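# Inside the fold
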Amino acid sequence: MNEPSTLLDSYDLKCLICSKSAQGFRFGIQSCRACAAFFRRTTVLNRKYKCVKRKGNCDLNSEEKLSCRYCRLKKCVDLGMTTENVRLEETAEIVISTSQSETTKRRIRDPPTIVDVSQIIKKSRNILEMYYLPDDDLYKHLNPLQKLAEVLKKQRAPQKTDVIFIESVNFLEIFECWEFQMSQTAEWLMNAQEFRELPNHEKLAFFKLVWAVWRRFERYSMSAEVFGQRSYDEKILLRSYDKAARLGKCSVDYSAITSFSSPRIAQLFGGKMLEYFDVIVKPFIDLKFNSIETSYMLAQICWNYAARRLQGQTMAASEKFLAGIGDNLHTFYQEEKIENYAIRITKMMKIVNSMLTIQLKQESTMDVAMVFDFFNVLVTDPDFFRV
């Protein structure tokens with residue numbers, strides 16, 4: 001049974017400005033990161049350009065398509081990009097100025113923190129290239145969706161309910177949690193045959209794209225399962241197997257990677273973290289999704305997101321894999337004699353689409369942060385942290 005398509009089906013994959021691959025809606029139109037960043041810089045820094053050919057109608061589809069900044073900006077505006085669409089509440093926290101006459105001057109900062117992810121990459125590659133599936137009879141007789149659900153349950157088994165509530169945390173402690181969750185993501189992905197059959201370089205690219213969104217969905221849904229209504233009311237988020245935090249009551253020290261204050265960082269990124277409580281936690285509390293349904297949503301999010309970004313072999317594998325687990329879900333509902341399950345599927349796909357929409361916003365926010373050097377950090381493989 002083919003399940004309803006996700007929101008990604010409605011996105012044009014071409015940037016309307018330069019015709020290259022787009023990465024979402026930015027400032028009102030479908031565009032790539034480069035054109036979005038160009039428009040933002042031009043708007044924020046109030047830059048003025050002249051047409052290189054002095055005609056104002058340069059062919060932006062030619063090989064020299066982006067050489068004329070005047071015509072590039074003109075096309076941005078003509079297609080609907082406006083200064084009103086530039087998210088000023090975010091930009092204000094990122095643009096560094098010392099006076100009205102020196103809006104582009106940047107503050108002197110300490111040497112950047114080096115974040116070496118080489119060991120994480122090595123560990124992840126080992127999992128992606130040499131991970132062996134369990135050979136016990138339980139796993140052999142499971143269908144693809146059941147297998148993912150069993151793996152997820154096994155990974156979540158050590159989760160404690162009597163966790164410690166932390167009131168402060170620093171970036172290095174957060175990073176340590178990420179390292180563990182990356183390994184879990186890689187292992188979970190490797191239990192899908194279509195993923196295992198991808199070339200190694202494609203698997204690694206897939207993994208880099210989805211580990212962060214996998215982590216977010218898994219932790220928020222687990223928080224709903226452990227704390228129920230308290231999770232939503234008190235904004236409780238499980239950080240690890242034995243630690244949790246109440247968002248808004250836990251201070252985060254980012255001084256190792258940025259000179260901006262915690263309140264400014266919270267203003268830029270905190271709203272998205274709170275948004276997940278409405279998108280994930282609330283429906284999980286109301287509908288009490290089981291492990292099969294949780295794994296189905298997790299798979300939909302990861303495979304749709306990766307397919308959109310990588311296309312090619314990943315997109316073909318995604319179509320096959322998602323069709324297969326759609327049939328598995330249908331079989332599960334029939335065997336469990338669950339009636340009117342179309343309503344549950346509709347709710348599940350709403351969560352999936354909402355997660356993907358937030359992810360597009362997250363990309364835009366990270367793009368802005370990178371353009372204006374918001375983070376004073378050098379990552380040995382930046383692709384791991386762009387989502």
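For the structure itself, look to the data block above.
Values in this document were obtained by computation on a predicted structure and should not be read as measured data.

Before going further, it helps to spend a moment on the nonpolar core. Judged by nonpolar contacts, the single largest core of 83 residues is most densely connected at W188, F195, V210, F217, W303, L329 and M355. Elements represented by at least two residues in this core include exactly α4 (118-130), α6 (144-156), α7 (171-189), α9 (200-227), α11 (262-287), α12 (291-310), α13 (312-335) and α14 (341-371). For this core, the element with the most residues is α9, which contributes 12 residues. Not counting residues within four places of it along the chain, the set of residues in contact with F217 comprises I280, F284, T294, M297, L298, I301, I351 and M355. If you look at the next biggest cluster of nonpolar residues, it comprises 15 residues, including I17, C18, F39 and L73.

Positive phi is not limited to glycine here, since K288 has a value of about 50 degrees. One can find K288 in the loop between α11 and α12. Phi at K337 takes a positive value of approximately 55 degrees, unusual for a residue other than glycine. Structurally, K337 can be placed in the loop between α13 and α14.

Moving on, we come to the pairing of strand β7 (residues 243-246). Sheet topology places strand β4 (residues 164-165) next to β7; 2 bridges connect them, and they run parallel. From the neighbouring strand, I164 faces β7, where its bridge partner is K243. Relative to β7, strand β6 (residues 236-238) is paired through 3 bridges, and the arrangement is antiparallel. Paired with L238 across the bridge in β7 is A244. Remark: 4 residues form the turn of the hairpin made by β6 and β7, two consecutive strands paired antiparallel.

With mixed pairing, the 3 strands of this open sheet are ordered in space as β4-β7-β6. In the strand order of this sheet, the two ends are held by β4 and β6, each with one partner. On top of the sheet, α9 reaches β4 and β6; it is set at about 115 degrees to β6, its chief contact.

What follows is about empty space enclosed by the protein. Taken as a whole, this structure holds 2 cavities of 30 Å³ or more when the rule is applied. Surrounding the second largest cavity, N143, L145, Q146, I292, N328, T331, F332 and E335 form its lining. Counting only elements with at least two residues in the lining of the second largest cavity, the list comes to α6 and α13. Sorting elements by how many residues they give to the lining of the second largest cavity places α13 first, with 4 residues. For the lining of the second largest cavity, a count of residues per class yields 3 nonpolar, 4 polar and 1 charged.

Let us now look at the state of the cysteines. Across all of its chains, the model carries 0 disulfides by this definition. Lacking any disulfide linkage, C15 is separated from the closest cysteine sulfur, that of C18, by 3.8 Å. Overall, the relative accessible area of 2% leaves C15 in the buried class. Here C51 is not cross-linked by a disulfide; its sulfur's nearest cysteine counterpart is in C58, at 3.6 Å.

Counted at 1.5 Å a residue, the expected span for α7 with its 19 residues is 27 Å, and the 26 Å between its end C-alpha atoms agrees. Looking at α7, one finds that the buried residues are F171, I174, F175, W178, Q181, M182, S183, Q184, T185, A186, W188 and L189.

Within the fold, C51 resides in the loop between α1 (33-44) and α2 (69-78). Under the relative-accessibility criterion, C51 is labelled buried at 11%. Sequence-wise, C51 and K74 are 23 residues apart; in three dimensions their C-alpha atoms are separated by 9.9 Å. Excluding residues within four positions of it along the chain, C51 makes contact with G56, C58, C68, Y70 and C71.

Definitions and cut-offs
Residues numbered from 1 in each chain as written. Predicted model: local features only at pLDDT ≥ 70, side-chain atom pairs only at ≥ 80, totals over all residues. Heavy atoms only, no water. Core = buried A, V, L, I, M, F, W, Y, C linked by side-chain atoms within 4.5 Å. Buried < 20%, exposed > 50% of the residue type's maximum accessible area, 1.4 Å probe, protein only. Helix = DSSP H or I, 4+ residues; strand = E, 2+ residues; numbered from the N terminus. Contact = heavy atoms within 4.5 Å. Pairing = 2+ DSSP bridges. Axes fitted to C-alpha atoms, helices over the stretch in contact; angles between N-to-C directions. 1 Å grid on protein atoms, 1.4 Å probe; cavity = no way out; pocket = protein on both sides within 12 Å on 5 of 7 lines; lining within 4 Å. Points joined across faces, edges and corners; volume = space filled by probe spheres on them. Nonpolar A, V, L, I, M, F, W, Y, C, P; charged D, E, K, R; others polar. Disulfide = S-S within 2.5 Å. Expected span 1.5 Å × (residues − 1).

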